Amino acid sequence: MTVMSETVARPFEQPAAVRSQVTVPLRFPDGFTATAEIMTFHGLADGKEHLLLALGEWEQTLLDQGAEGTAPLVRLHSECLTGDVFGSERCDCGPQLREAVEEIAAVGGFLLYVRQEGRGIGLYSKLDAYALQDTGLDTYEANVALGRGEDERDYSAAAQMLGALGAGRIRLLTNNPDKVAQLTALGVDVSEQVPTGVHLSEANHRYLAAKRSHTAHTIDLPAEIHSRETLPAEIIPSHDELLARVDALVPRLRERAAETEEIRRIPEATMAELKAAGVFQMLAPKAVGGFGMGLETYVEVVRRLAQGCVSTAWSVGHLVEHVWMLARWPQEAQDQVFATGPAPLAAATGAPPGKAEKVPGGYTVAGRWSFASGIMHSEWALLAVQHGDVRLQCLVPVSDLELLDVWHTAGLRGTGSNDLRTENLFVPAHRALEWNLLAAADNPGSRIHPDPNIHIPMATFLNMVAPAAALGAAEHALEVFQDLMMVRKVKQTTQARQADSPLAQARFSQAYGQVATARLHWQEAVRVVAASNGRRPVAFTDEERARYRLSLGLSGAASAEAVRLILTASGGSVHRLTHPLQRIQRDVNVLLNHASLTMDPILEQAGRGLLDLGFSIPAGQF
């Protein structure tokens, strides 16, 4: 999905006029020279000191700009002190400025030097965004994390400057489609978009990749884009540091829980905060800029996010898990998905699997897949398909799929777990992988990355999200219930508040005990799984698998019972849509229908494993 500038171009009321014109000889560090007529203006819409540099035979191009002639070549160059003056390699602004002057001087036209540092957020904020980019955010995510727009530039003044010179038809030197769109909306006839060169450096490859993938810049990146970046050890947070970051988000998750449910996706402000905290890169390998953390951190993050918003916890838990899944693929696929940073976001779904046919160079796939949690925030989709007797997982760009808006549910509404559909979509061979190979402890990524978590069987993580989310939801419900009891006056009783009633005290104890039971079962499951992670190869005995799956199921059941007890004792007012308890109840009810918490098959298979009878379904499905 292409995300354009949030700034809407607006017509200007008064035309601008040339204020002054002066001849300035230019010389660049590489020795290139040119002569510019630099013009200043009265009446620009934003009141800033923008400049226009007229280069080459610019006057002749104004005469020739009719339908049959050659329009002047124009570049809108946004001011970049770090790149233009100091030669920073974190962007490509300096080389683009140098290139533009030479290209325009050769054919005649204008370079508009627009004073909108940092895509309009200012110099200090741009440097603050650099610091956030060092933690793993891309250039757009960093702006949003600062509370700013992805791109706040407005080119009204640029259109005014062109209008003052009579340049109504131009050829625009740019890779940015937003510049074309804004100028066109302002009445400038852009007859041709001329691409700029690719000025790649080791320091700016993620910046360029983000421009290509996030705002559809027409940039053809060479193979060097796939170089790896390992974060310095001091930047990687500890287990406790990451949890502290998540805890700080919980109050805002609660504030936005109603909005999350209403818009049926995670709000962009929340996504920006999660990215700034480094949540999405916790399981990513260190070699791609991730934190390389383990199961214990991952499930604790999901649990704590659920204390704020269950839908957010569910979506984030799966998006984080899918980053980890992408790190299990062969090198060529990893080069592609990790090119834009350490946390590529992907939805994964296999319900039901699609169909695949072998064709030269790969496969064609078709199908309709449901329950694509996280799809509203993803650039990639991991789709299960069947090719004969072999199950494959195919990695495809979300832009190649049709998204069906069908997620209208009673609970977990904010997950936006919509359907996906495609017919005869070609998937190259390097983006199709046998499921059994991907899911195994010995997977292609385990031969690339030394991080211990890549050597864990995939089903281990897949079963952990729902129980952790249910536990966090129950813990939040108990907290709300306790606060409510201290102030609520119950009808037809003599107590001044519910907390003074012996029956209410007993009910609170029951709910508290159920939450404690859920927590103990959950901790036992995490302990069993974590104990197996030190083995090589990582593997469970049937008894261990039965124990941890049974503990997870019992944890979910106890969490749901705690929520049921709390709702029963909380009165009719908590069923208003504005009350958090009714949302928690609906979210937990939907969680209980997930395969990882459906008790009948769990009890059956766990009983077989504990009695050493062997599972009646494949271990990878339990």
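Undergrad: Could you clarify how one ought to interpret the overall build of the protein in this entry?
TA: What the protein contains, in helices and strands, is 22 helices and 14 strands. On the principal axes, the C-alpha backbone points of the protein span a range of 90 × 65 × 45 Å. Counting the 622 residues in the protein, one finds 57% classified as buried. Residue pairs in contact within the protein that sit at least 24 positions apart in sequence constitute 69% of those at least 6 positions apart.

Undergrad: Is there a simple way to explain the sheet that holds strand β8 (residues 346–359) in this structure?
TA: Picture the strands of a sheet paired through backbone hydrogen bonds; they go either parallel or antiparallel. The sheet built from seven strands is open, its strands ordered β12-β13-β9-β8-β10-β11-β14 with mixed pairing. With one partner strand each, in any of the chains shown, β12 (402–404) and β14 (432–434) form the two edges of the open sheet. Recorded for the sheet is a direction-independent mean angle of 30 degrees between the axes of neighbouring strands. Across eight bridges, the pairing between strand β10 (residues 380–387) and strand β11 (residues 390–397) is antiparallel. Note on β11: the bridge partner recorded for Leu383 is Cys394. In the packing of helix α14 (residues 310–326) onto the sheet, contacts are made with β8, β10 and β11, and the angle to β8 comes to roughly 35 degrees.

Undergrad: Before we go on, may I ask you to explain the side chain of Glu300 in this structure?
TA: Position of Glu300 relative to the elements: it lies in helix α13 (residues 295–306). According to the relative accessible area criterion, Glu300 is buried, its value standing at 12%. Looking at Glu300, its side chain comes within polar contact range of the side chain of Arg303, at 3.3 Å. Residue contacts for Glu300: discarding those within four places in its chain leaves Leu243 and Trp522.

Undergrad: When you look at the sheet that holds strand β6 (residues 169–173) in this model, what are you seeing that I'm missing?
TA: Strand order in this open sheet of seven strands is β1-β2-β3-β5-β4-β6-β7, and the pairing throughout is mixed. Taken across any chain shown, the strands that pair with only one partner, and hence form the sheet edges, are β1 (17–27) and β7 (189–194). The sheet shows a mean angle of 30 degrees between the axes of neighbouring strands, direction not considered. Packed on one face of the sheet, helix α3 (residues 93–107) meets β1, β2 (33–42), β3 (51–55), β4 (73–78), β5 (109–114) and β6 and runs near 160 degrees to β4.

Undergrad: Sorry if this is basic, but what is going on with the packing of aromatic side chains here?
TA: Here the distance between the centres and the angle between the planes together describe a pair of aromatic rings. Applying the stated criterion to the full structure yields eight aromatic pairs. Seen from their ring centres, Tyr298 and Phe461 are 5.4 Å apart, and the 10 degrees between their planes marks the pair as stacked. Of this pair, Tyr298 sits in helix α13 while Phe461 sits in helix α17 (residues 458–462), placing them 163 residues apart in sequence. Pair check on accessibility: Tyr298 and Phe461 agree, each one buried. Pairwise contacts between aromatic rings join Tyr298, Trp324 and Phe461 into one cluster.

Undergrad: What should I look at first to understand the packing of helix α20 (residues 542–568) against helix α21 (residues 580–591) in this one?
TA: Two numbers describe a pair of packed helices, the interaxial angle and the distance between the axes. Across the interface, α20 lies against α21 with an axial gap of 10 Å and an inter-helix angle of 145 degrees. At the point where α20 passes α21, the crossing takes the left-handed sense. Taking contact as the criterion, the partners of Ala560, Val563, Ile566 and Leu567 in α20 are, on α21, Leu581, Ile584, Gln585 and Val588. By residue class, the composition of the contact of α20 with α21 is seven nonpolar, one polar and no charged.

Undergrad: Explanation requested: the confidence of the model for the protein in the structure shown.
TA: Where the model shows low pLDDT, its predicted coordinates should not be examined in detail. For the protein, the mean per-residue pLDDT works out to 89, and 93% of the residues sit at or above 70. Within the model, the stretch residues 1–12 combines pLDDT values under 50 with 35 contacts to residues more than four positions away or in other chains. In this model, residues 223–228 is a region of pLDDT below 50 whose contacts with residues beyond four sequence positions or in other chains number 17 contacts.

Undergrad: Quick question: what am I supposed to make of the nonpolar core here?
TA: Of all hydrophobic cores here, the largest spans 100 residues; its most connected members are Val279, Met282, Tyr298 and Leu591. It is helix α18 (residues 465–485) that contributes the most residues to this core, 14 residues altogether. Apart from the residues within four sequence positions on either side, Tyr298 is in contact with Met282, Leu283, Gly317, His318, Val320, Glu321, Phe461 and Val465. Counting 28 residues, the second-largest nonpolar core is a separate cluster that includes Trp58, Leu76, Leu112 and Leu165.

Undergrad: I keep staring at the environment of Asp240 and nothing clicks. Help me out?
TA: Mapped onto the elements of the fold, Asp240 is located in helix α10 (residues 239–255). For the pair Asp240 and Val194, spaced 46 residues apart in the sequence, the C-alpha separation amounts to 50 Å.

Undergrad: What's the story with the pattern of salt bridges in this structure? I'm lost.
TA: If charged atoms from side chains of opposite charge come close, those side chains can pair. The final tally for this structure, using the stated rule, is 29 salt bridges. Note that Glu79 is salt-bridged to Arg115, the shortest N-O span being 2.9 Å. Residue Glu79 is located in the loop between β4 and α2 (81–85), and its partner Arg115 is located in the loop between β5 and α4 (117–120); the two are separated by 36 residues in the primary sequence. The shortest N-O distance in the salt bridge between Glu102 and Arg98 comes to 2.6 Å. With a gap of four residues between them, Glu102 and Arg98 both fall in helix α3, about one helical turn apart. With a relative accessible area of 37%, Glu102 lands in the partly exposed category. Assessed through its relative accessible area of 19%, Arg98 is described here as buried. One salt-bridge network, in which partners are shared between bridges, spans Asp247, Glu300, Arg303, Arg304, Glu475 and Arg519.

Undergrad: Would you take a moment to explain the environment of Leu552 for this structure?
TA: Mapped onto the fold, Leu552 is located in helix α20. Sequence separation of Leu552 and Thr493 is 59 residues, and the distance between their C-alpha atoms is 39 Å. In this structure Leu552 touches Asn463, Met464, Pro467, Trp522, Ala525 and Leu597, once residues within four positions along its chain are discounted.

Undergrad: What's the story with unusual backbone geometry in this structure? I'm lost.
TA: Trans peptide bonds make up most of the peptide bonds, and negative phi angles are found at most residues other than glycine. A cis amide bond, omega -15 degrees, links Ala351 with the succeeding residue Pro352. Its place among the elements puts Pro352 in strand β8. The backbone phi angle of Arg119 is positive, close to 55 degrees, even though this residue is not glycine. Note on placement: Arg119 falls in helix α4.

Undergrad: What exactly am I supposed to notice about α21 here?
TA: An α-helix turns once every 3.6 residues. As a result, residues three or four positions apart point the same way. Taking 1.5 Å per residue as the helical rise, α21 with its twelve residues ought to reach 16 Å, and the 16 Å between its terminal C-alpha atoms agrees with that figure. Residues Leu581, Gln582, Arg583, Ile584, Arg586, Asp587, Val588 and Leu591 constitute the buried set of α21. Structurally, α21 contributes buried residues whose contacts are with α11 (257–263), α14, α18 and α20.

Parameters at a glance
- Residues numbered from 1 in each chain as written.
- Predicted model: local features only at pLDDT ≥ 70, side-chain atom pairs only at ≥ 80, totals over all residues.
- Heavy atoms only, no water.
- Helix = DSSP H or I, 4+ residues; strand = E, 2+ residues; numbered from the N terminus.
- Buried < 20%, exposed > 50% of the residue type's maximum accessible area, 1.4 Å probe, protein only.
- Contact = heavy atoms within 4.5 Å.
- Pairing = 2+ DSSP bridges.
- Axes fitted to C-alpha atoms, helices over the stretch in contact; angles between N-to-C directions.
- Polar contact = N/O pair within 3.5 Å; in protein donor to acceptor, adjacent residues only side chain to side chain.
- Phe/Tyr/Trp six-rings, centres within 6.5 Å; stacked < 30°, edge-to-face > 60°.
- Left-handed = near helix turned anticlockwise from the far one by under 90°.
- Nonpolar A, V, L, I, M, F, W, Y, C, P; charged D, E, K, R; others polar.
- pLDDT = per-residue confidence, 0-100.
- Core = buried A, V, L, I, M, F, W, Y, C linked by side-chain atoms within 4.5 Å.
- Salt bridge = Lys/Arg side-chain N within 4 Å of Asp/Glu carboxyl O.
- Expected span 1.5 Å × (residues − 1).

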